[in-house]
Structure formats: C-alpha cells, structure tokens
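Here's the letter readout for the chains.
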Amino acid sequence: MVNVNGIPNAQADGLGRNAEPSIELRIMSTTDVHACLMDYDYYRDRKDAAVGLVRTATLVKRARAEAANALLADNGDLIQGTPLGTFAARVDPDRLKAGDWIHPAIRAMNAMGYDAATFGNHEFNYGLEYLDQVVAGASFPYVNANIYVHEAEAGRKFAVNRYRPYVILTKTCVDGMGRPHEIRIGFIGFAPTQILDWDQGHLAGKVQVKDMVLSALEWVPAMKEEGADVIVALAHTGFDAGVSLKDHDAENAVLPLSLVPGIDAIAFSHTHRTFPARDFASLDASFKHADGTPLPAVDWQEGTINGLPAVQAGYSGAMLGIIDLTLRRLDGKWQAVHGKAMVREICDGKVGSEFAEPDAEIAALLQQAHQQTVAYANAPIGRTEVPLHTYFSLVHADASVQLLNHAQRDYARRWIASFAPDLRHLPVLAASSPFKAGRNGPNDYAEIPPGPIAIRSASELYLFENTVKAVKLSGAALKEWLEFSVGIYNRIDPDETSEQPLLNPAFPAFNFDVIGGVTYRVNVARPAKYGPDGTLLNPGASRIEDLRHEGVPVDPGQPLIVVTSNYRVSSGIVPGLREAELVLDSADENRQALIDYIAEQGSLVAEPEENWSFSPIGKPVNVIFAGSPEAARYVKDFPGIAHTGRTDARGYGIYRIDLAADPSETSMPAGPKPVRQQHTKSDGLRRFSYLP
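Keep in mind it's a predicted model, so treat the numbers as computed, not measured.

A. Examining the overall build of the chain more closely. Counting secondary structure elements, the chain contains 15 helices and 38 strands. The C-alpha atoms of the chain give a radius of gyration of 26 Å, which matches the 26 Å a tight globule of 692 residues would have. Counting over 692 residues, the chain shows a buried share of 59%. Between the mean site of the 64 positive side-chain charges and the mean site of the 84 negative ones, the chain shows a separation of 2 Å.

B. Quick peek at the packing of helix α1 (residues 53-66) against helix α3 (residues 104-112). Following both chains from N to C, one finds α1 and α3 inclined at 15°, their axes separated by 11 Å at the closest point. When the axes of α1 and α3 are compared, the pair comes out roughly parallel. The element α1 and its partner α3 pack so that their crossing is right-handed. Every residue of α3 that contacts α1 at L53, A57, V60 and R64 is listed here: A108, M109 and M112.

C. Spotlight on the environment of T390. Structurally, T390 can be placed in the loop between β19 (388-389) and α11 (399-419). For the pair T390 and K333, spaced 57 residues apart in sequence, the C-alpha to C-alpha distance is 56 Å. Ignoring sequence-local partners within four residues, the contact set of T390 consists of D398, S400, P434, K436, Y445 and A446.

D. Inspection of the sheet that holds strand β28 (residues 552-553) at higher detail. Pairing in this open sheet of four strands is mixed, and the strands run β28-β27-β26-β32 from one edge to the other. Two strands in the sheet have a free side with no partner beyond their single neighbour: β28 and β32 (612-614). Of the strand pairs in this sheet, strand β26 (residues 519-522) and β32 are connected by three bridges, and their pairing is parallel. Paired with V522 across the bridge in β32 is F614. The sheet strands contacting helix α13 (residues 475-485) are β26 and β27 (544-549), and the helix crosses β27 at an angle near 135°.

E. Structural context of the pattern of salt bridges. Inspection of the entire model under this criterion finds 32 salt bridges. The salt bridge involving D39 is made with R55; its shortest N-O contact spans 3.0 Å. Of the two residues, D39 is situated in the loop between β1 (23-30) and β2 (40-41) and R55 in helix α1; the sequence distance between them amounts to 16 residues. Look at D39 and you get buried, because its relative accessible area is 9%. Given the relative accessible area of 0%, R55 is considered buried.

F. Examining the pairing of strand β16 (residues 319-330) more closely. Within β16, ten of the twelve residues are buried, which leaves the element mostly enclosed by the surrounding structure. Bridge count between β1 and β16: seven bridges; the pairing is antiparallel. Looking across to β16, one finds that I23 is bridged to L327. Looking at chain direction, β16 and strand β17 (residues 333-345) are connected through twelve bridges and run antiparallel. Each bridged residue has a counterpart across the sheet, and for M319 the counterpart in β17 is E345. Turn length for the β16-β17 hairpin, with the two strands adjacent in sequence and antiparallel, is two residues, and the turn residue D331 shows positive phi of about 55°.

G. Representation of helix α2 (residues 83-91) within the structure. With respect to burial, α2 is a largely interior element, seven of its nine residues being buried. By the burial criterion, the buried members of α2 are P83, L84, G85, T86, F87, A88 and A89.

H. Spatial organisation of the packing of aromatic side chains. Scanning all chains against the criterion turns up 32 aromatic pairs. Taking 6.5 Å as the distance between ring centres and 65° as the angle between the ring planes, the aromatic pair formed by F268 and F287 counts as edge-to-face. Here the residue F268 occupies a position in strand β11 (residues 265-268), and F287 occupies one in the loop between β12 (274-275) and β13 (298-299), the gap between them amounting to 19 residues. You can call F287 buried: its relative accessible area is 0%. Taking 5.0 Å as the distance between ring centres and 75° as the angle between the ring planes, the aromatic pair formed by Y489 and F614 counts as edge-to-face. Of the two residues, Y489 is situated in the loop between α13 and β24 (499-501) and F614 in strand β32; the sequence distance between them amounts to 125 residues. The pair formed by Y489 and F614 is uniform in burial state, with each residue classed as buried.

I. Local environment of the environment of G85. You can see G85 is positioned in helix α2. Using a relative accessible area of 0% as the deciding quantity, one classes G85 as buried. Once residues within four sequence positions are removed from consideration, G85 is found in contact with A35, I79 and Y126.

J. How the structure looks around the sheet that holds strand β33 (residues 622-627). An order of β24-β33-β35-β34 is seen for the four strands of this open sheet, with the pairing classed as mixed. Of all strands in the sheet, those with a lone pairing partner are β24 and β34 (641-647), marking the two edges. Each strand of the sheet is rotated relative to its neighbour by a mean of 35°, with strand direction disregarded. Here β33 pairs with strand β35 (residues 653-657) via five bridges, running antiparallel. Its bridge partner being in β35, I624 is matched across the sheet by R656.

K. Local environment of α3. Three or more residues of α3 are buried, namely P104, A105, I106, A108, M109 and M112. Of the residues trailing α3, G113 is marked for its positive phi of about 80°.

L. Looking closely at the pairing of β11. Neither face of β11 is open: one carries A265 and A267, the other I266 and F268, and all of them are buried. Where strand β10 (residues 230-235) and β11 come together, four bridges link them in parallel fashion. Across the sheet, residue V232 finds its bridge partner in β11, namely A265. Relative to strand β15 (residues 308-313), β11 runs parallel, the two sharing two bridges. Each bridged residue has a counterpart across the sheet, and for A267 the counterpart in β15 is V311.

M. Local environment of the packing of α3 against helix α10 (residues 360-377). Running from amino to carboxyl end, α3 crosses α10 at an angle of 165°, the nearest separation of the two axes being 10 Å. Here α3 lies roughly antiparallel to α10, going by the angle between them. Between α3 and α10 lies a crossing of right-handed hand. Here P104, R107, A108, A111 and M112 of α3 come into contact with α10, specifically with E361, I362, L365, L366 and A369. Split by residue class, the contact of α3 with α10 holds eight nonpolar, no polar and two charged.

What counts, and where the lines are drawn
- Residues numbered from 1 in each chain as written.
- Predicted model: local features only at pLDDT ≥ 70, side-chain atom pairs only at ≥ 80, totals over all residues.
- Heavy atoms only, no water.
- Helix = DSSP H or I, 4+ residues; strand = E, 2+ residues; numbered from the N terminus.
- Rg over C-alpha atoms; globule rule 2.2 N^0.38 Å.
- Buried < 20%, exposed > 50% of the residue type's maximum accessible area, 1.4 Å probe, protein only.
- Lys, Arg positive; Asp, Glu negative; His and termini not counted.
- Charge placed at Lys NZ, Arg CZ, Asp CG, Glu CD.
- Axes fitted to C-alpha atoms, helices over the stretch in contact; angles between N-to-C directions.
- Parallel < 35°, antiparallel > 145°, perpendicular 65-115°, else oblique.
- Left-handed = near helix turned anticlockwise from the far one by under 90°.
- Contact = heavy atoms within 4.5 Å.
- Pairing = 2+ DSSP bridges.
- Salt bridge = Lys/Arg side-chain N within 4 Å of Asp/Glu carboxyl O.
- Phe/Tyr/Trp six-rings, centres within 6.5 Å; stacked < 30°, edge-to-face > 60°.
- Nonpolar A, V, L, I, M, F, W, Y, C, P; charged D, E, K, R; others polar.

Listed below in structure tokens is the structure:
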C-alpha cells in the first residue's frame, strides 16, 4: 500500500518491530535568504536578531548533532535582497580583479557544509555572467532541471540544459543498529518559468525555461534509473491551492509537484511563507480554504502535501527547514516509507528572546563583506525634513511612494528630452509600489526619520534591481491598470456592521501600484474587477472613479506615458500592459534614478499629495487592516485612521479606517501640511518641494 505520492505506507507493508533496521535521514534546507547573511538590518543600520544566515548556521549545527545522517541544501533567492547583495554585485572591487573571488554567501555556505543548492528567480537579477561567477565559487553542486540553453544556440528547443539538472550523492548512512549503508540521495532543482519575463533583459535569447512539473516528470524517472534511492526536489515555487497538474507554467506549483511519482520530499519557497506552522492559527491562509478550514491535501502538523513531506523555511535566514525521512529496504532497495517536516526559528520575535546566537566561524568569514556594506550603505545622498515611511502606503496617499514616482518622472522627462523629443507633448505619469509594506512580517516596513538620507534609505524604498521602462498607453488602459492594482482591497459591504478586513492577504504589496501624475478615487463598496494574478473576475466591475489629469477627466482615448520597471512591463500580470508600446527601454536602475533624484534635490520636505483616496461609503462601516505596531506613532498624521490597541496572532497591529466620510471634508491634523507642488523650469515636472 502506498500514499498518494508513492511513498510506501510502513504499517500497511507489515513493517513492525521485527522488520529490518531502518535508516533515519534528515534533509535540512534554507531558502529565500535574500543576502541576509549577517544578523543586521542595513536599512536601519542596527543589529537584527530575527534574521541572518550567521544565526541559521547555529540551527544547522544543532540539527546535525541530533541526526546521524543529515544533508543541507539551499532553495534559492540567495544573492539579492539587501545592500550586501548589491555591494557584492555592483561595488565590490575585489570581484572585478582577476583571481579567486568568492561571493560572501557562497563563502559562508562552503563553511557550513552545504550538499546542494538550486536557483531562485532573483539569482538572475544580475545576469548570467555574474551568476556563473557566483556559482563557480561553490564547493557543492548547483542543480536546475528546467532551464535550457536557448534553441538558437542549442539547435532545438529544450535540447541542452543550461545547468546540471540533478545530482546523486552517495552518502554512508548508519542504521538504527549502527551498521553503515551506502545511500544514493538525489537532488533536483526547479525555477519558475516567469524568470523569462522578470529578467527578460538578462535572459532573452540566452535561455528557455520549461514547465516545472513537466520537467520533473521527465527527469525524476532518469534519476531512479540511475540508481537514486531517495529523491529530494528543491523547488523554488510556492503553494497555490488553485493550481493542478493541468496548469502549465504555473508560478506556484508545489501542489502538482507533490503528485509526481518518485519524489520523496520537497523543499519549496518563493512566496516567503512558512510550512508547516507551529499552530493552525499561524498557518498561512494560502494553505486553507476561504472559510479558514484546512485544505484536504495539507497536513500542517506532519508537514505533508498530498502525503509527501514538504517544508518551506520562510525567508531572510530566519528559519531552518527540516524533513526527517525513514528509509527501509524493500525488495532489495532502500525506500522512504515515512516522512515528517518541521521548521525551526532563530528567534521567536519576542524582545530579548533569542533561540540561536550567531555562529562565530561564519561571522568571522562575513566580517569584511559586512563592514564594507555598512560603509557603502551609509554613504549620504541628501536629507529629508520629514519622516518617510510605508506604514500606511496601502491605505492612504503616501509620501514615500510618491517620492519614487517623482524620481521616475524626472528621469523619464530628461530621457525623452534627449532621445525621444517627439513624445514631449504627452503627459508623463509614473507607477510605483510600496515594496516594504508588511509582506515579511510586522517589522517589514520602511521608515526613514528626518535627517540625512543614505544609500541604505533609498535601497529600503526600492528593494529590487529593476530597470527603468516606460510605456505609451491610452486613458482606458491606464484605468484598467488601476483596476488591477486596487484588487488588493476586499469588497466592503455597506450594510455590514461587524468588522470587515480591508486588505486581501493574497495580493502582494509589490503589485499594488500608485500612479503618480493623476488623481483618482477607489470605491471598495464595489467588487474587484481583477484577481491577484490578473484574472478577470467581474467584467462589469469598476472601482476607479473620478480619474483626472491636471484636474481634467482622463479621456479613454487619451495617449499617456507611464514610467515603471522592467518587472512590471514584462511580468504580464497587469491586464494589457504587455501589449502597450515600450517607449523608454533603459538599463539604468529605478533605485539609481531615486538616488540621483534625492542627491539633486538636496533636502526634501515631502508630504502626501493626496492624489488618491477612497470614495466615501456613506454608512458607518467597521473597516480594519493589519499593519506594524510601530505605525501607531504616525496615526495623527493620517486623518480617519486609528489604532485599535490590538494585535493579531502574527504580531501585526490592528487599525481602523473611516470609509464612511468623504476624506476631502476631513480636516487635516495640526502639524506638517501637504507640500504645494511647483513647476520647475528645467523639465516641467511637478516635483517635491526642496530646500536649497
């Protein structure tokens, strides 16, 4: 008798006390480290005991000491995500010299004794040449089975793998009686096909990417044929209950991957979730039905998906994933007959409570890169006279996001004047997102206090290595873009008097765009037109109201230019955006445009422009949203928002927002007032005020 994933059921096969000795095999995994190597917050320039591979290393040592047979793997998104990752890729002078430069993450992993690793989507942010240089320093194999050399070079599609598809390691393992056995353990890696969209500039014409499940169906039998006793999938993909075997090229495909025969365990990732959870309350909503009940394929206590042991170890080096497999010899072959997964945390989040101290050896290896990064990140570029933060970016007009938009519009105006003067007559708008808006926990928000602005501040506002792009589209297409963005909000029932959550947790904040250069209102009493993945849900729905440019209603046929990023243009998630005409295609990074803009302005006195707001519902609805407890310090600056004094099970503060009244009729609090924008003679762009 076997489970749905093909692992034999030990009890059904009569494997009791008198059976042959078994082998306990532990598979440890890290994932989505995102260059959080040290226990340090480079954006706030202070120690952070809740993150860092330097602390995960301590968990690894403990977990190894508990198990006679253990292996360690990484599941990708390793080299990008903090100023340390940026410094290594863009600034580190040693990398440009001939010699044996080793990326600090790889240096640490070599010392920690990793056995295998795979790529995440962010590994490709810096291009293939840089990635090859990083991988060359690893003393362990990197595997990926679904990225191929482009057919123009290989001669036909999916003919030559760009990387080693899998590795089979022979490990001497001891059984319960202390006897040694040679066990062949295979690791196979997968990355989402969407990397071709997200990093089109680096990958177009160079690689092709095959569906993850189809690749697994092709390569797993080959691994079995080559003699693998155990097969572990390192899948840089998340969990989506709506994805099945028939859904090709799904971004989050661990559910159908768990049905592929021959796979014995899966380490998955990408979405920064945790599985299994310490309790059902903290289990992410993606693993539950809409009514909060558990999905039948998910066993959150044993850590299995469709009976297959599976683990997702969060992000930022904050956790270690562990899968414990029991192997028995059946029909002359070692097979996995049982498995269980767990996640261990380096810190429980409580002040003064630390589960894992930094590993001294790893800390010493990283010290030089860390000190260089601190110096780089603290280089001054300007100053701000008011605080900039993203605490309320998802629910209120926000100065920090608008600063990004001003920087992008400034860049585009100059670019157009130099390279496309025939477009100067068109309005230039910009789209930006609050990248740090709570996705990774209640502390995952940007906050820049009044005073000097350093490179780390700009990096906190713009986390990713995106490049500046601009499209020409119609007023109608602009409205559809906004309709997609405001899908982040749940529908609010005007007749419901109990609490209603405003934000849809399935909609990532990095897909919520605020369009600068126009004004508009959002009617959340109406249903969302699009789902989080861009699927059309309600064709007749319309939440965007009173869309205007310079006070004049935007005509559906009016041509406009919108500045955004390569990720947004190529991802295909915004309806119609891929079909829009690309009029600005720059290799310059959005973050650098922001840094240059701040440096030019000198000193910012930026306040929200109130370019968007919610349409009043007109009834006393009770609407709440989750945010950082630290945001309570700023509620006085945001009319209609109040802190309830409560927190939820994950540590988020609960806030109430008044959607009944017209925000334009709400008096502003005492203190800083909105900036009055000025037209500059240099480029005609409405921009933040600044002090000389």
